[in-house]
Amino acid sequence: MSSVRFSRAVLTVVAASLVLGGCAAKTNSSSSSSSGSSGVNLPAVSNVPVPADAVLPAGNGKATCHGVSIAYAGAETGANAQLGLNIVNGVQLAVNQHNAANPGCQVTLKKFDTEGDPTKATGIVTQVTNEADILGAIGLPFSGESKSTGGIFQQAGLVHITPSATNPTLTQQGWTTFFRALGNDSVQGPAAAKFIVNQLHASKVCVVQDDSDYGIGLAAAINKALGDKASSCQDKVTTNQRDFSSTVSKITSAKPDAVFYSGYYAEAAPLDQQLVNGGYTGAFVGPDGVKDDKFIQQAGSASSNTYFTCPCEDGSLISSFATAYQQLAGSAPGTYSLEGYDSATVLLRGIDSGITTRAALLDYVKNYNADGLSKHLQWDSTGELKASTVYGYKVQNGKIVYIGTIS
Amino acid sequence: MHPLTVFLADSSWINFDVTSFRQEFWDNTFNGLTFGAIYALIAMGYTLVYGVLRLINFAHSEVFIAGAYALVFTLSGLGFDGSVPGLSTLALIGDMLLACLVAMLASGAIAVLLERIAYRPLRRKGAPPLAFLITAIGVSFAIQYAIFIWRGASAEPAVILFVPKALFSAFGTNITNQQLIIFVAAIVLMLLIDQFIQRTRFGRGVRAVAQDPDTATLMGVNKERAIMLTFLLGGLLAGAAALFYVIKVPSGVVFNGGFTLGIKAFAAAVLGGIGNIRGAALGGLLIGLVGNYGQTLLGNAQWSDVIAFVVLVVVLMFRPTGILGESLGKARV
């Protein structure tokens with residue numbers, strides 16, 4: 001009997017204490033839907049600049065080749081599969097368009113699943129290099145697996161273009177077969193700083209970094225570019241941290257115009273949410289690691305104050321590409337789909353030019369100098385793009401929208 | 001100069017940010033007490049089970065996260081999502097109580113099941129303590145990865161119940177309704193559990209088994225029922241903690257979200273004196289405070305856990321049984 005009375009007592013008291021705060025909660029709910037950052041209005045941009053003479057996979061339709069393949073090596077399954085699938089669909093689209101236009105040159109696309117895992121990737125890439133008909137590869141998507149396999153590609157003399165791995169050290173390993181079809185993290189940091197200062201008109205910025213290689217490297221780059229504007233407000237958080245109360249008090253008492261979070265969306269989302277709940281009204285800026293629909297899901301309505309910087313271009317804004325991609329994949333192009341498409345185009349046009357050996361294709365990529373759909377593609381001796389662009393995005397009505405280039 | 005002096009004088013590796021620490025002291029205090037209350041509720045689950053069975057129930061963090069999932073599913077079902085709900089106060093309280101009840105039942109059920117499936121068979125066979133410990137760790141991983149396979153690697157979408165609003169100010173800092181609700185409700189729950197153990201017949205049974213299982217059985221106490229009740233109480237508290245956790249961190253429900261929280265709650269239980277219910281409450285609040293102070297003082301959350309555990313080690317050096325001592329079994333009847 002006593003337990004019944006007891007549980008009733010628990011409920012009553014909990015209810016009473018909830019009433020106490022609930023009254024106050026209600027009065028506040030109407031004022032919280034204001035739209036984030038302070039007076040800055042960067043409108044969504046619905047078209048991206050497409051180079052007029054962009055090289056497309058189709059070519060002139062007269063190419064001849066026989067029994068050649070290109071490979072995709074990267075995640076198709078596993079926890080981070082979505083990014084890999086975005087890329088593989090872009091690559092497949094390029095190959096399909098090429099083969100449809102060139103009856104005399106049918107290139108096979110061979111797909112190898114690394115699950116995004118650096119330890120699995122080494123065996124997979126060895127297998128790729130052992131198949132003699134593969135002249136070039138697209139991949140690998142992630143920085144970790146790229147680092148563990150670059151040497152294997154190098155030994156086999158097999159050219160590969162990554163459409164998404166952005167760790168700056170990848171081009172400092174002395175590899176001559178590695179090419180990157182987008183800007184790296186040390187390009188993104190200064191670009192993000194410029195965006196925050198010039199476009200968001202922030203005079204004081206807080207930089208919060210996580211404990212990953214990516215977050216630490218990017219924070220160093222942006223801090224260098226921001227200088228005095230951020231030197232007085234820095235914080236470091238940990239992966240898997242969910243309660244940010246001490247970071248929030250630091251930021252709300254520093255009253256910055258913008259917060260830059262250097263890390264991934266899993267921590268950025270609760271941080272942004274707790275910042276807005278804590279009364280922060282400035283802008284929240286995150287890099288490509290934060291730019292994900294999951295961020296919006298997890299931060300909820302707080303995400304309306306958020307901007308993203310990314311070396312990736314939104315392929316869904318190029319209508320010819322978006323329509324064809326939609327037909328193939330059954331969904332709109334995702335992050336890095338366009339970069340995958342452009343990278344595959346480079347290899348395909350090389351094969352069209354009559355190349356039949358790995359060495360010749362490597363040479364072709366080294367000397368490549370033409371526009372792709374996303375950007376101008378020309379590499380320096382380390383495999384880094386000679387000129388790279390960073391793009392800006394923001395959250396509008398619960399969706400990520402493009403707001404133009406920022407560097 | 002001595003290398004150690006050089007090492008300590010070189011401030012690049014460690015930086016005391018005393019200004020921020022002073023500025024944000026009260027902010028950190030109230031936030032620390034709020035999160036500390038959540039630690040304390042979870043710590044009570046560890047301490048209850050340890051007090052009775054001398055078993056560190058490492059799966060308790062998964063009991064908590066299971067409750068958090070149940071809570072989030074219930075709230076999503078009721079129409080809560082990432083935007084601030086425009087509900088009347090009464091409807092909000094009703095929904096919160098319902099979700100809390102579901103979470104408590106889910107956590108309680110998981111805890112009791114855990115005891116039935118994992119621990120009771122071992123007890124029947126008279127297995128050594130190490131077998132229990134490794135079973136607890138195994139169950140913890142099993143539940144974690146079952147959730148991972150089911151829900152994937154990323155957190156559940158945010159479920160926002162209400163936005164914190166300043167009620168009044170103290171020491172130059174605003175106290176929000178969120179902080180007050182969590183702290184007061186948690187303290188009330190802790191008091192109730194404490195009184196339940198101290199004053200009711202069931203509580204007496206639990207203490208009797210904690211003190212001497214064999215004699216308690218001879219005196220007519222149903223030992224198995226007392227053990228089950230202990231797990232149930234711990235689970236119910238973890239379920240309530242899940243509500244407060246989601247109020248504070250609306251998007252914090254993820255498959256491994258209980259792990260760090262559980263470790264810190266366990267540290268809180270040890271700090272207060274494992275087996276001692278009031279000790280767990282005190283330890284939880286202290287761990288919450290110290291972690292927050294440490295993070296601001298060193299400007300780095302990466303140090304927050306270090307500070308919390310350094311304090312734990314220092315306290316244990318001087319009081320090896322924790323601040324209040326291990327006393328569930330030795331309590332006055």
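Since we're looking at a predicted model, the values are computed, not measured.

Thresholds applied
- Residues numbered from 1 in each chain as written.
- Chains lettered and ligands numbered in written order.
- Predicted model: local features only at pLDDT ≥ 70, side-chain atom pairs only at ≥ 80, totals over all residues.
- Helix = DSSP H or I, 4+ residues; strand = E, 2+ residues; numbered from the N terminus.
- Rg over C-alpha atoms; globule rule 2.2 N^0.38 Å.
- Contact = placed C-beta atoms within 7 Å.
- pLDDT = per-residue confidence, 0-100.
- Expected span 1.5 Å × (residues − 1).
- Buried ≥ 20, exposed ≤ 12 C-beta atoms within 10 Å, placed from the backbone.
- Pairing = 2+ DSSP bridges.
- Axes fitted to C-alpha atoms, helices over the stretch in contact; angles between N-to-C directions.
- Right-handed = clockwise from strand over helix to strand, strands pointing away.
- Parallel < 35°, antiparallel > 145°, perpendicular 65-115°, else oblique.
- Left-handed = near helix turned anticlockwise from the far one by under 90°.
- Arc of directions from axis to C-beta.
- Nonpolar A, V, L, I, M, F, W, Y, C, P; charged D, E, K, R; others polar.

## Some thoughts on the overall build of chain B
Okay, step 1: When its secondary structure is counted, chain B shows 13 helices and 2 strands.
Okay, step 2: Since a compact globule built from 333 residues should have a radius of gyration of about 20 Å, the 21 Å found for chain B is in line with a globular shape.
Okay, step 3: Expressed as lengths along the three principal axes of its C-alpha atoms, the size of chain B is roughly 65 × 60 × 40 Å.
Okay, step 4: In chain B, the share of contacts with a sequence separation of at least 24, taken over all contacts with a separation of at least 6, comes to 79%.

## Description of the confidence of the model for chain B
Okay, step 1: Predicted confidence across chain B gives a mean pLDDT of 86, with 93% of residues reaching 70 or more.
Okay, step 2: Both confidence scores are given for the complex: pTM 0.78, ipTM 0.80.

## Describing helix H6 (residues 213-226) of chain A
All names here are of chain A.
Okay, step 1: In a regular helix each residue adds 1.5 Å, so 14 residues correspond to 20 Å; H6 covers 20 Å between its end C-alpha atoms and thus fits that length.
Okay, step 2: Turning to H6, its buried residues number three or more, namely Tyr214, Gly215, Gly217, Leu218, Ala219, Ala221, Ile222, Asn223 and Leu226.
Okay, step 3: Looking at the packing, one finds that the buried side of H6 touches helix H5 (185-199), strand S6 (205-209), helix H7 (228-231) and strand S8 (258-262).
Okay, step 4: Immediately downstream of H6, the backbone of glycine 227 shows phi near 60°, a positive value.

## What about the sheet that holds strand S2 (residues 108-113) of chain A?
Strands in a sheet are paired, the pairing made by backbone hydrogen bonds, and the direction either parallel or antiparallel.
All names here are of chain A.
Okay, step 1: Across the sheet, which stays open at both edges, the 5 strands sit in the order S2-S1-S3-S4-S5 with parallel pairing between neighbours. With one partner strand each, in any of the chains shown, S2 and strand S5 (178-180) form the two edges of the open sheet. Each neighbouring strand pair of the sheet contributes to a mean axis angle of 25°, computed without reference to strand direction.
Okay, step 2: Summarising the sheet, strand S4 (residues 159-162) and S5 pair through 3 bridges and their orientation is parallel. Residue pairing across strands places isoleucine 161 opposite phenylalanine 179, the latter belonging to S5.
Okay, step 3: Sheet strands touched by helix H3 (residues 118-130): strand S1 (69-74), S2 and strand S3 (134-138). Its angle to S1, the strand with the most contacts, is close to 180°.

## Thoughts on the confidence of the model for chain A
Okay, step 1: Of the residues in chain A, 90% have a pLDDT of 70 or more, and the chain-wide mean is 85.
Okay, step 2: A low-confidence stretch, residues 13-38 of chain A (pLDDT under 50), is modelled with 57 contacts involving residues beyond four sequence positions or located in other chains.

## A word on the sheet that holds S8 of chain A
Residues and elements named next belong to chain A.
Okay, step 1: The mixed open sheet is built from 7 strands, whose spatial order is S7-S6-S8-S9-S10-S13-S14. The open sheet has two edge strands with one neighbour each: strand S7 (234-236) and strand S14 (399-405). The mean inter-strand angle of the sheet, taken between neighbouring strand axes irrespective of direction, is 25°.
Okay, step 2: Pairing of strand S10 (residues 306-310) with strand S13 (residues 391-396), which is carried by 4 bridges, proceeds in the antiparallel orientation. Bridge pairing in S13 places tyrosine 307 opposite lysine 394.
Okay, step 3: Of the strands in this sheet, S6 and S8 touch H6, which is tilted by about 160° from S6.

## Structural notes on the pairing of strand S2 (residues 173-176) of chain B
All names here are of chain B.
Okay, step 1: One ladder, built from 4 bridges, connects strand S1 (residues 166-170) with S2; its direction is antiparallel. Bridge assignment links alanine 170 to a residue of S2, and that residue is threonine 173.
Okay, step 2: Counted between consecutive antiparallel strands, the loop separating S1 from S2 contains 2 residues, among which phenylalanine 171 sits at a positive phi close to 55°.

## A look at the pairing of S4 of chain A
In regular strands, side chains alternate between the two faces of the sheet.
All names here are of chain A.
Okay, step 1: Every second residue of S4 is oriented toward a common face, with Val159 and Ile161 on one face and His160 and Thr162 on the other, all of them buried.
Okay, step 2: As paired strands, S3 and S4 are joined by 3 bridges and run parallel to one another. Bridge pairing links glycine 136 to valine 159 in S4.
Okay, step 3: Assessed by its sense of winding, the connection that carries the chain from S3 through helix H4 (residues 143-156) to S4 is right-handed.

## Remarks on the packing of helix H2 (residues 81-101) of chain A against helix H12 (residues 337-352) of chain A
Packed helices, taken two at a time, are described by the angle between their axes plus the distance between the axes.
All names here are of chain A.
Okay, step 1: Axis separation between H2 and H12 bottoms out at 7 Å; the angle between their running directions is 40°. It follows from the interaxial angle that H2 and H12 lie oblique. For the element pair H2 and H12, the recorded crossing hand is right-handed. Across from Asn86, Ile87, Val88, Asn89, Gly90, Val91, Leu93, Ala94, Val95 and His98 in H2, the residues of H12 making contact are Ser337, Leu338, Gly340, Tyr341, Ala344, Thr345 and Leu348.

## Concerning helix H13 (residues 304-318) of chain B
All names here are of chain B.
Okay, step 1: Taking 1.5 Å of rise per residue, the 15 residues of H13 would be expected to cover 21 Å, and the 22 Å separating its terminal C-alpha atoms lies within 8% of that figure.
Okay, step 2: Among all positions in H13, only Ser304, Ala308 and Leu312 are buried. The arc enclosing the buried residues of H13, seen along the axis, measures out at 75°, which places them on a common side. Away from the buried face of H13 by more than 90 degrees, exposed residues Val313, Val314, Met317 and Phe318 are located.
Okay, step 3: For H13, the secondary structure elements touched by its buried residues are helix H11 (257-272) and helix H12 (277-298).

## Section: unusual backbone geometry
For residues that are not glycine, phi is negative in most cases, and the peptide bond is trans in most cases.
All names here are of chain A.
Okay, step 1: Cis geometry marks the peptide bond from glycine 139 to leucine 140; its omega dihedral reads -5°.
Okay, step 2: In this structure, leucine 140 sits in the loop between S3 and H4.
Okay, step 3: Located in the positive-phi region is histidine 201, a residue other than glycine, with phi close to 55°.
Okay, step 4: Inspection of the secondary structure assignment puts histidine 201 in the loop between H5 and S6.
Okay, step 5: The phi dihedral of asparagine 240 falls on the positive side, at around 75°, and the residue is not glycine.
Okay, step 6: As for its position among the elements, asparagine 240 is in the loop between S7 and helix H8 (245-254).

## Some thoughts on the environment of valine 187 of chain A
All names here are of chain A.
Okay, step 1: Relative to the helices and strands, valine 187 resides in helix H5.
Okay, step 2: When the 21 C-beta atoms within 10 Å are taken as the criterion, valine 187 is described as buried.
Okay, step 3: Measuring from C-alpha to C-alpha, the distance between valine 187 and serine 203 comes to 21 Å, with 16 residues separating the pair along the chain.
Okay, step 4: Excluding residues within four positions of it along the chain, valine 187 makes contact with Pro311, Ser388 and Val390.

## Overview of the packing of helix H3 (residues 25-53) of chain B against H12 of chain B
All names here are of chain B.
Okay, step 1: The N-to-C vectors of H3 and H12 enclose an angle of 140°; their axes lie 6 Å apart at closest approach. Looking at the two axes, H3 sits oblique to H12. The hand of the H3/H12 crossing is right-handed.
Okay, step 2: Of the residues belonging to the contact of H3 with H12, the class tally is 15 nonpolar, 13 polar and no charged.

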